[in-house]
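Residue strings, one per chain:
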Amino acid sequence: MRVFVTGGTGTIGSAVVAELLGNGHAVLALARSDDSAQAVKEAGAEALRGGLADLDVLRAGAAQSDGVISLAFGRDYNSPDALAQAVTEESAALAALGEELIGSDRPIATVSGTPWVRGRTSTEADPLPTDGPVGGRGRSVMALLDLASRGVRSTAVRMPRTVHNEGKGGFAGLLTDAARRAGVSGYPGDGTQRWPAVHALDAAVLFRLALESAPAGTSWHAVSDEGDAVRDIATVIGRRLGLPVEAVPQENFGPFGPIFAMDQPASSAHTRDALGWRPTHPGLLDDLENIQP
Ligand SMILES: NC(=O)c1ccc[n+]([C@@H]2O[C@H](COP(=O)([O-])OP(=O)(O)OC[C@H]3O[C@@H](n4cnc5c(N)ncnc54)[C@H](OP(=O)(O)O)[C@@H]3O)[C@@H](O)[C@H]2O)c1
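Positions within a chain are numbered from 1, following the residues in the order the chain's sequence is written. Side-chain atom pairs in this predicted model are given and counted only at pLDDT of 80 or more, local residue features only at pLDDT of at least 70, and totals for whole chains, interfaces and linings cover all residues. Note that the side-chain values use all heavy atoms of the structure and ignore hydrogens as well as water.

Got a sec to walk through the packing of helix α4 (residues 80-101) against helix α5 (residues 135-146)? Specific residues and values, please.
A fitted line through C-alpha atoms serves as each axis, taken over the contacting stretch for helices, and the angle formed by two N-to-C directions is quoted from 0 to 180°. Secondary structure is summarised from DSSP: a helix means a run of H or I of at least four residues, a strand means a run of E of at least two, and numbering begins at the N terminus for each. Where α4 contacts α5, the axes come no closer than 9 Å and their chain directions differ by 5°. Comparing their axes, α5 and α4 come out roughly parallel. Two secondary-structure elements touch here, α4 through V87, E90, S91, L94 and G98 and α5 through G136, R137, S140 and L144. Working rule for angles: under 35 degrees goes down as roughly parallel, over 145 as roughly antiparallel, 65 to 115 as roughly perpendicular, anything else as oblique. Here a residue-residue contact requires only that any non-hydrogen atoms of the pair lie within 4.5 Å.

Shown next, in the form of structure tokens:
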């Protein structure tokens, strides 16, 4: 398959590009800068210059491909406005990509997040949240999955809170950044809340499997660790950075504070059974040992 990938230079995207190329696919990757274009070319992919807001470029990328993987998302999470802007941009991009594929039966796998369900571990059958600071992402993904009835083999690959590689990435990466800034490895709440996690190289395999074979309109969980206690995550970060480990107010984490404070374990039992996905790379607490002071 020739696959159009957005976000192909990111933590997850670079692993997805390598996974696709290593399994006989060709990759056309969106690149918004010279550096990004250079990175995707060095990875062995072809670059398509443009940003997520360039809807004509996105449509052209989808039109010349056999399938699409959508991963790009803005990195500025520092204010509610910046986060809302990233959600709006992604929503328009997904709508444009989906429209381009209507009636073609071609696949599009988009990134999503594992849902949280009060009092139990979430599964692939649970609906996505559509409220809160990132509720708009859930609504965009649901609109894309609805295109299953209009000849698009759309699937959602749901990521846990931390997708990591070499100790970096995801919510644990944001905790590490905050610890470096504050001089304290802080965690919100009492630290017993659990976040699920996966290694980026394992998540990449699931994107490929979903693109190759998942039925239209389905959702999958790229979950390796069902839930690591946030205090345990902060403890490894503090030890690696030589910093004290302390509870801190959730407001310290900006718009993500309320999400950081929630217990949100997730299961991937159905994904493993139905798609034969088996994570093989290190879990989060082991991978965080790669953090350098
Ligand atoms: N990592 C996690 O733990 C995690 C967890 C749940 C969900 N997710 C989601 O998974 C996706 C990928 O995550 P990641 O951790 O791999 O992200 P990342 O490392 O921050 O990479 C983001 C990617 O998106 C691209 N991008 C951002 N804004 C863009 C724009 N306006 N136009 C074009 N490209 C743009 C970046 O390109 P440049 O190289 O040009 O900057 C980069 O390739 C995101 O949607 C993220 O929200 C991640």
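Go over the sheet that holds strand β11 (residues 225-229), please, and point to the residues and values.
In this scheme, strands are said to pair when DSSP sees at least two bridges between them. Spatially, the 3 strands line up as an open sheet ordered β7-β9-β11, and their pairing is mixed. Each edge of the open sheet is held by one strand with a lone partner, namely β7 (162-164) and β11. Sheet twist, expressed as the mean angle between neighbouring strand axes with direction ignored, is 40°. Examined bridge by bridge, strand β9 (residues 194-199) and β11 share 3 bridges and lie antiparallel to one another. Bridging from a neighbouring strand, R194 pairs with A229 of β11. Each of β7 and β9 touches helix α7 (residues 200-213); the most contacted strand, β9, lies at about 75° to it.

For the site of the ligand, give the residues involved together with the corresponding values.
When at least one non-hydrogen atom of a residue lies within 4 Å of a molecule or strand, that residue is treated as near it. Taken together, 26 residues form the shell around the ligand, and within it T9, R32, S36, R137 and V163 come nearest. Identification of polar contacts relies on pairs of N or O atoms within 3.5 Å, with a donor-acceptor requirement for protein atoms, meaning one able to donate a hydrogen and the other able to accept it, and with residues adjacent in sequence counted only if both atoms are side-chain atoms. At a separation of 2.9 Å, an oxygen atom of the ligand approaches a polar side-chain atom of R75. Surface burial for the ligand is 87%, taken as the share of its 890 Å² of free accessible area covered by protein chains. Contributions of two or more residues to the shell around the ligand are made by α1 (11-21) and β7. Taken together, the residues that form the shell around the ligand break down as 10 nonpolar, 11 polar and 5 charged. Note on areas: Shrake-Rupley, 1.4 Å probe, and residue coverage restricted to the protein chains presented here. Classes in brief: Ala, Val, Leu, Ile, Met, Phe, Trp, Tyr, Cys and Pro nonpolar; Asp, Glu, Lys and Arg charged; the others, Gly included, polar.

Which residues make up the side chain of S185, and what are the values?
With respect to the helices and strands, the residue S185 is situated in strand β8 (residues 185-187). Residues contacting S185, with those up to four places away along its chain left out, are A179, A234, I237, G238, L243, P244, V245 and E246.

Can you break down the packing of aromatic side chains residue by residue, with the values?
We call Phe, Tyr and Trp rings a pair once their centres come within 6.5 Å, taking the six-membered ring for Trp, and we label the pair stacked below 30 degrees between planes, edge-to-face above 60, and tilted otherwise. Under the counting rule described, the total for this entry stands at 6 aromatic pairs. Here F171 and F256 contribute two aromatic rings whose centre-to-centre distance is 5.4 Å and whose plane-to-plane angle is 70°, an arrangement assigned as edge-to-face. Within this pair, whereas F171 is found in helix α6 (residues 170-182), its partner F256 is found in the loop between β12 (245-247) and α9 (257-260), the two being separated by 85 residues in sequence. Residue F171 shares its accessibility class with F256, and that shared class is buried. Only protein chains enter the accessibility calculation, which uses a 1.4 Å probe; a residue is then buried when its area is under 20% of its type maximum, exposed when over 50%, and partly exposed in between.

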